[in-house]
Amino acid sequence: MAANFIIAEPFMGAVPVTQTDSFDVTAGSHLKHRLGLQVRAFDNQTGSLNLGAGVFQYCAASGAATSAGRGDWVQIVGRSAIPVDAANSESRFPLGVAAGNLSRSDVAGWVQIQGLVDYGKCTDSAVVAGNALYVCAGTTGLLLSNSVNGNQVFGAVAFTSASSSASRAASYQLNYPRMLGSTQAF
Amino acid sequence: MAANFIVADPIIGVPVPVSQTYTFNATAGSPPPFPLGLQVQAVDNQSGSSNLGAGRFQFCQGYSTASAVSSAGQWVQVRGNTAWLLLHAQSSSRFPVGVAAGPLSNTNVCGWVQVQGMADYVRGNGVDLAAGNPLYIIAATAGVLQTVASAGAQVFGAAAPNSAALALSNGSWTVQLNYPGLIGLSALI
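Peer 1: What am I meant to see in the overall build of chain B here?
Peer 2: Within chain B one finds 0 helices and 15 strands. Rg of the C-alpha trace for chain B: 16 Å, near the compact-globule value of 16 Å for 189 residues, within the 12% margin. Looking at the 189 residues of chain B, the share that counts as buried comes to 51%. The long-range share in chain B, meaning contacts at least 24 apart out of those at least 6 apart in sequence, stands at 62%.

Peer 1: Sorry, what's going on with the overall build of chain A here?
Peer 2: Counting secondary structure elements, chain A contains 0 helices and 12 strands. Its helices and strands taken in sequence order, chain A reads β-β-β-β-β-β-β-β-β-β-β-β from the N to the C terminus. Radius of gyration (C-alpha) of chain A: 16 Å, near the 16 Å computed for a compact globule of 186 residues. Sequence-distant contacts in chain A: of pairs separated by 6 or more residues, those separated by 24 or more amount to 60%.

Peer 1: Just to check I follow, could you spell out the nonpolar core for this structure?
Peer 2: Side chains of nonpolar character tend, in soluble globular proteins, to be buried together. Counting 115 residues, the largest nonpolar core has A:V111, A:L143, A:V153, B:V76, B:A83 and B:V113 as its most contacted members. For A:V111, the residues in contact, after removing those within four places along its chain, are A:F56, A:Q57, A:C59, A:V74, A:I76, A:A81, A:G96, A:V97, A:A98 and A:A99.

Peer 1: Please explain the pairing of strand β3 (residues 38–43) of chain A as it appears in this structure.
Peer 2: Both faces of the sheet carry side chains from a regular strand, because those side chains alternate between them. Residue and element names in this part refer to chain A. Where strand β1 (residues 5–7) and β3 come together, 3 bridges link them in antiparallel fashion. Residue pairing across strands places I6 opposite F42, the latter belonging to β3. Relative to strand β4 (residues 53–61), β3 is paired through 5 bridges, and the arrangement is antiparallel. Bridging from a neighbouring strand, A41 pairs with G54 of β4.

Peer 1: Just to check I follow, could you spell out unusual backbone geometry for this structure?
Peer 2: The phi angle of most residues is negative, glycine excepted, and most peptide bonds adopt the trans form. Positive phi outside glycine occurs at A:Y176, with the angle close to 55°. For A:Y176, the position within the fold is in strand β12 (residues 169–179). We note that B:Y179 has phi near 50°; this positive angle belongs to a residue other than glycine.

Peer 1: I tried to follow the pairing of strand β9 (residues 109–122) of chain B on my own but got confused; where do I start?
Peer 2: Residue and element names in this part refer to chain B. Counted residue by residue, β9 has 12 buried out of 14 residues, so it is predominantly covered. Pairing of strand β3 (residues 22–23) with β9, which is carried by 2 bridges, proceeds in the antiparallel orientation. By the bridge assignment, T23 is partnered in β9 with V109. Pairing geometry for strand β5 (residues 54–61) and β9, over 6 bridges, is antiparallel. Bridge pairing in β9 links Q58 to V113. Sheet topology places strand β8 (residues 97–100) next to β9; 2 bridges connect them, and they run antiparallel. If you follow A100 over to β9, its bridge partner there is V113. Across 5 bridges, the pairing between β9 and strand β15 (residues 173–182) is antiparallel. Counterpart to A119 in the pairing with β15 is V175.

Peer 1: Help me out: how do you make sense of the environment of A:L37 in this one?
Peer 2: Residue and element names in this part refer to chain A. By the secondary structure assignment, L37 is in the loop between β2 (21–22) and β3. We classify L37 as partly exposed; it has 16 C-beta atoms within 10 Å. A C-alpha to C-alpha distance of 11 Å links L37 and G109, two positions 72 residues apart in sequence. Those residues in contact with L37, other than ones at most four positions away along the chain, are Q57 and Y58.

About the cut-offs
Residues numbered from 1 in each chain as written. Chains lettered and ligands numbered in written order. Predicted model: local features only at pLDDT ≥ 70, side-chain atom pairs only at ≥ 80, totals over all residues. Helix = DSSP H or I, 4+ residues; strand = E, 2+ residues; numbered from the N terminus. Rg over C-alpha atoms; globule rule 2.2 N^0.38 Å. Buried ≥ 20, exposed ≤ 12 C-beta atoms within 10 Å, placed from the backbone. Contact = placed C-beta atoms within 7 Å. Core = buried A, V, L, I, M, F, W, Y, C linked by C-beta atoms within 7 Å. Pairing = 2+ DSSP bridges.

Here it is as structure tokens:
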């Protein structure tokens, strides 16, 4: 990612949000932070591309079969981050964008839930700035601008438009997103 | 505003009134005092039963000329890190929405936008406001919402806790904010 978000809460050290932590509670290696903790982070990159500040939530990964890579859209179910899937679109769990590789259930890391994202993923279809976003029916972890009945996300927009040749990279603006659950296409 | 929200967040350090705005010029070495997009907690310092408790505010840059915020209490759409005066013409977009706590009068001005909690300095439109009902962007006046339905212009995540009848210039409508945004429904619900 171009963004270089570093956590800037007084009760924590300066942790990069890309960092993930392996843990094994039974073997005595506990989580570094409380699951569900929400923190603010600042983008440390210089120049006009600086994204400002954002909010991130500490989550456990779900499992190898449902692992989330950096930039994937995830659903926060309890304290676990699971890549969004069209099959989950009827649920109303919060959404976010994985800031690190949440690869296995013994890994925890950060999910962005507010602010600007320049490392998000989209489909090969064009994304239109400001328009509503929908969970992709065909591929987990991706959103798109093309309307999909019942899959609309509330609280997230593309900040800038991206063409279909943008290598699935998109910039989003997050406002504590969640599934809207409306079956209308609007 | 009657409320006297003061930022009370260790990430900021000194207490800052949310009505304060700042002029900046990044190229001349005077950048914004806080990172744009930063959300902070603030508490209402007014005494008595009107105290609104705590709320959350986001640091934003103003927008230019016709779409700039002229006074506190106007509704804005937060596009990127910039607060645009909320217009009916923008109702099809899905950017977050909030209430300006100070006059974000130009692109070289930054300040706070309330996005969560109670706000008692919001501008009404001269039409009776119904408590708990959905809010809609007014077609005729920028930066103002109403409870009279307007197809496609509904805001989700904001409601008036009390009914009121207010003039446009009143600026004392009380609204409860919960990270609002435009929902984009074309139907009247």
